[in-house]
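# Architecture and fold: a report
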Amino acid sequence: MIALVSLTIALPFCAAFAGMLLGRRLSRTLSARALPAAGSAAPDAPTTPLPAVVPDAAPAPGDEARVPELSRLAGPDLALRRLPRNGPALIAIASTALATLLALIVATTVWLDPGTREGTLTLVPTGTVDIAIGLQADGLAALVGLMVCLVALAVQIYSVAYLAEDPRYCSYAAFVSLFTAAMLLVVYAADLLLLYVGWEVMGICSYFLIGHHWEDRANSRAAVKAFLMTRLGDVGFLIGIFALGIGAGTFSIGGVLDAVPDLPAGTLTAATLLLLAGVAGKSAQFPLHTWLPDAMAGPTPISALIHAATMVAAGIYVIARLYPAFWAAPASLTVLGIVAVISMVGSALAALAQTDLKRVLAYSTISQLAYMAAGLAVGAQTAAVFHLVTHGAFKALLFLAAGSVILVAGSNLLGRYGGLRRTMPITFWAMTVGYAALIGLPPVSGFFSKDSIIEGARHAAATAGREGTGDTAAAVPDIPGGAAWAIYIALLVTVGITAAYAMRAWLMTFFGEQRGSFQAREAPALMTWTVAALAVPSAVLGFFGLGAAELRPHLVSAGLALLWAAGGGAAAYLLWNRDPARDPADRLGPLRTVFDRAFYLDELYAALVVRPVRAAARAVVVADRRGLDALVVGTAGWSRRAGGALRRIQTGNAQSYLTGLLAGVVVIAAGVVILL
Amino acid sequence: MHALYPLVVSALLFSVGVYGVLARRNAILMLMSVELMLNAVNLNLVAFDALWRDRLHGGQLLTLFTIVIAAAEVGLGLAIVLLVFRNRKTVEVDRLTELGEARRDPAEARRGADAETSAEPVAAAREGDGP
């Protein structure tokens with residue numbers, strides 16, 4: 001069992017290096033073999049299936065209208081034909097597909113026979129607390145691991161077409177594989193430090209992939225921003241791991257959780273709060289969330305894989321994994337809940353006014369991750385994990401469908417779409433399912449997961465005041481009643497806002513008249529069918545939750561949420577219907593700018609952090625140049641001057657040298673005689 | 001015989017030799033002064049040999065060695081002096097200062113000082129290396 005799990009991790013890992021080193025050679029070999037067979041039918045088949053084209057296929061946020069060239073649209077269609085000869089793609093897809101199969105076997109086994117399977121390869125002695133190189137597979141890990149593999153597989157297939165003309169596709173596919181391996185390591189790790197290794201590898205992969213089109217300065221800046229902000233949280237995360245590990249005397253997750261009841265409350269609260277810093281960084285929660293919208297500078301499949309479905313979910317996953325520790329520290333859960341409330345409402349409002357489709361989805365990701373965080377804060381762990389999985393499915397679907405739209409329209413801007421319903425029917429229906437899941441409309445998956453979180457919050461809010469009522473169906477963590485109520489209300493309000501911005505994006509993309517000048521057509525087959533395939537889990541995943549009592553819909557919460565959703569959606573529709581050519585967000589008036597700039601948080605950080613740090617850096621440079629360097633350079637000057645003084649006596653007259661010598665001897669002799 | 005007499009004589013001889021080496025300009029006279037110093041040493045050696053009645057006469061033997069070496073040394077020295085004279089047409093020791101620090105005229109010295117204060121150490125070093 002554990003061998004299967006380790007193989008699941010090792011496959012994409014090896015594929016990353018194989019793809020990077022051998023990918024191009026493989027495609028050369030394959031095309032060399034295929035060319036004689038193809039004969040003159042494919043005279044344009046180049047020796048390498050990746051023609052070196054200046055990569056302007058980069059969908060960057062705020063990009064002005066890029067006229068879609070015919071070659072760019074023709075290119076992806078070639079992708080499917082070229083797939084059998086595309087070495088990097090074959091390596092990446094084959095390994096990911098195998099890993100998916102293995103993850104499926106693992107998940108099935110765990111499902112049939114629940115329980116935790118653990119295996120330790122070796123113990124790394126460190127002198128104090130040993131590090132165990134071990135993996136484990138329980139229900140949570142198997143489920144999330146399967147989700148990660150499926151999304152990664154979809155993204156790999158999709159990217160073949162999306163990045164067909166990218167000269168760096170080879171390294172791209174390799175990094176996606178490496179990322180998959182790292183995420184699987186996080187999911188299956190049985191040791192906190194092993195988990196941290198995967199956590200950091202994901203961070204660096206995210207950095208590379210956001211900056212994939214580094215020719216544009218803004219992209220590499222976004223990559224650096226994402227890297228630095230997540231790193232900021234990771235510092236806390238690492239210290240939190242140390243606090244937990246040293247407190248419990250072991251880094252193994254099972255051992256730590258076993259030791260939780262014996263740990264002092266202070267240690268536990270401090271450790272979990274530190275872990276929360278890392279979670280906020282990785283899962284893009286307030287106040288470390290500002291990197292995620294900028295991370296949309298990466299290729300769209302990357303946004304789907306990393307910044308929507310998997311990596312950002314890692315933070316939530318870690319809380320779920322260490323949930324008993326958080327449960328024992330209600331202060332941390334309260335903080336988590338408040339952070340979730342702020343992230344949820346704030347980013348949903350920000351999504352309302354974005355002009356860039358990918359940024360709308362990015363803010364909705366923050367908002368949905370906050371849902372999971374809120375679910376965890378109120379004790380609805382199963383519901384939160386359920387929402388993590390459904391969100392992985394429908395957000396990957398939304399991003400990949402958005403990628404199709406972006407590729408066809410040649411722009412990220414909502415204002416340039418319109419009327420794509422007829423020309424892109426598959427994408428339209430898939431995206432409709434995705435948006436319905438995002439809002440939480442029955443019967444698609446988002447409804448069930450979101451509803452169970454809301455129900456959990458309602459339950460927590462209702463029982464918060466009453467202590468010691470042990471007959472409740474689900475236990476509730478000991479968080480203050482005010483916080484529980486705030487979470488409950490925020491969840492409901494956010495449903496309404498979510499409905500409004502999803503409705504707005506949906507209407508502006510697919511309805512009305514086409515506003516941009518582009519030739520509307522369905523996206524390449526590889527992309528369209530991947531999107532269509534993802535629509536299936538997004539639609540039906542919810543029914544799997546009916547098996548568990550705490551995941552069944554509850555009448556009150558569902559009704560309230562649907563009421564809010566209907567209100568938000570109707571408001572967006574009515575505003576849009578007055579003038580379909582205009583952006584409904586224009587009606588927000590002066591608030592629109594505030595929402596569009598995400599409450600000026602970036603500007604605030606720039607003023608509070610970036611500028612002081614830059615000023616300090618400049619001061620350091622000046623101090624270095626004027627102080628330290630001047631000292632070093634000055635030494636040379638002083639030596640030269642001292643040397644100049646010595647130079648005077650070097651006259652070349654041997655007799656004066658001798659005289660000096662003799663005088664010295666006399667002085668020494670006299671000294672010896674006098675002193676001794 | 002009292003030991004003082006040969007000692008005083010040899011000390012005088014040595015001092016005359018030192019004075020000659022340090023003060024005479026002529027290279028040949030410097031060599032002669034060196035000989036005076038050597039002979040002062042010889043005198044000492046012989047004197048102490050006689051004074052202590054050394055049965056092996058180490059002092060006298062050593063003196064013989066010194067005389068031989070001094071002869072060789074003078075030969076070498078005179079050869080050097082001859083070559084110097086052929087090259088330079090002079091044997092004045094205080095004129096033979098080519099190995100010393102180069103003398104610069106005042107203008108050049110000022111320029112060198114400027115280069116020293118400037119922030120270009122390589123250029124300054126190159127300036128300093130020049131004649």
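Residues numbered from 1 in each chain as written. Chains lettered and ligands numbered in written order. Predicted model: local features only at pLDDT ≥ 70, side-chain atom pairs only at ≥ 80, totals over all residues. Heavy atoms only, no water.

## Considerations on the overall build of chain A
A count of helices and strands for chain A gives 25 helices and 2 strands. Scored against the burial criterion, the 676 residues of chain A give a buried share of 55%. Restricting the contact set of chain A to residue pairs at least 6 apart, pairs at least 24 apart contribute 81%. For chain A, the accessible surface area stands at approximately 26,800 Å², while carbon and sulfur atoms represent 71% of it. For chain A, the centre of its 44 positive side-chain charges and the centre of its 37 negative side-chain charges are spaced 10 Å apart. (Helix = DSSP H or I, 4+ residues; strand = E, 2+ residues; numbered from the N terminus. Buried < 20%, exposed > 50% of the residue type's maximum accessible area, 1.4 Å probe, protein only. Contact = heavy atoms within 4.5 Å. Areas by Shrake-Rupley, 256 points an atom, 1.4 Å probe, with all protein chains shown as cover. Lys, Arg positive; Asp, Glu negative; His and termini not counted. Charge placed at Lys NZ, Arg CZ, Asp CG, Glu CD.)

## Details of the pattern of salt bridges
Residues and elements named next belong to chain A. Scanning all chains against the criterion turns up 11 salt bridges over all chains. A salt bridge links Lys 225 to Asp 602, with the shortest nitrogen-to-oxygen separation between them at 2.9 Å. Of the two residues, Lys 225 is situated in helix H7 (residues 217–248) and Asp 602 in helix H24 (residues 601–647); the sequence distance between them amounts to 377 residues. Under the relative-accessibility criterion, Lys 225 is labelled partly exposed at 21%. With a relative accessible area of 24%, Asp 602 lands in the partly exposed category. By sharing partners, the salt bridges in this structure join Lys 225, Asp 294, Arg 359 and Asp 602 into a single network. (Salt bridge = Lys/Arg side-chain N within 4 Å of Asp/Glu carboxyl O.)

## A look at the packing of helix H16 (residues 381–409) of chain A against helix H21 (residues 525–544) of chain A
A pair of packed helices is captured by two measures, namely the crossing angle of their axes and the spacing between those axes. Residue and element names in this part refer to chain A. Between H16 and H21, the least distance of the axes is 9 Å, while the angle of their chain directions is 155°. The angle between H16 and H21 falls in the class roughly antiparallel. H21 is crossed by H16, and the crossing has left-handed handedness. Along the contact surface, H16 presents Phe 386, Val 389, Thr 390, Ala 393, Phe 394, Ala 396, Leu 397, Leu 400, Ala 401, Gly 403, Ser 404 and Leu 407, while H21 presents Met 527, Thr 530, Val 531, Leu 534, Ala 535, Pro 537, Ser 538, Leu 541 and Gly 542. Considering only residue class, the contact of H16 with H21 consists of 15 nonpolar, 6 polar and no charged. (Axes fitted to C-alpha atoms, helices over the stretch in contact; angles between N-to-C directions. Parallel < 35°, antiparallel > 145°, perpendicular 65-115°, else oblique. Left-handed = near helix turned anticlockwise from the far one by under 90°. Nonpolar A, V, L, I, M, F, W, Y, C, P; charged D, E, K, R; others polar.)

## Some remarks on the packing of aromatic side chains
All names here are of chain A. Under the counting rule described, the total for this entry stands at 22 aromatic pairs over all chains. On the numbers, 5.9 Å between centres and 20° between planes, the contact of Tyr 196 with Phe 237 is stacked. You can see Tyr 196 sitting in helix H6 (residues 192–210) and its partner Phe 237 sitting in helix H7, a full 41 residues away along the chain. The same class applies to Tyr 196 as to Phe 237, namely buried. One cation-aromatic arrangement involves Arg 231 over Phe 227; the distance from NZ or CZ to the ring centre is 4.3 Å. Sitting over the ring of Tyr 371, Lys 450 keeps its end group 4.8 Å from the ring centre. (Phe/Tyr/Trp six-rings, centres within 6.5 Å; stacked < 30°, edge-to-face > 60°. Lys NZ or Arg CZ within 6 Å of the ring centre and 35° of its normal.)

## Topic: the domain arrangement of chain A
Here the domain parsing of chain A yields domain 1 (1–47 + 77–190), domain 2 (286–466 + 474–584) and domain 3 (609–675). In this structure, domain 2 of chain A and domain 3 of chain A have C-alpha centres spaced 70 Å apart. (Domains from an automatic or database assignment.)

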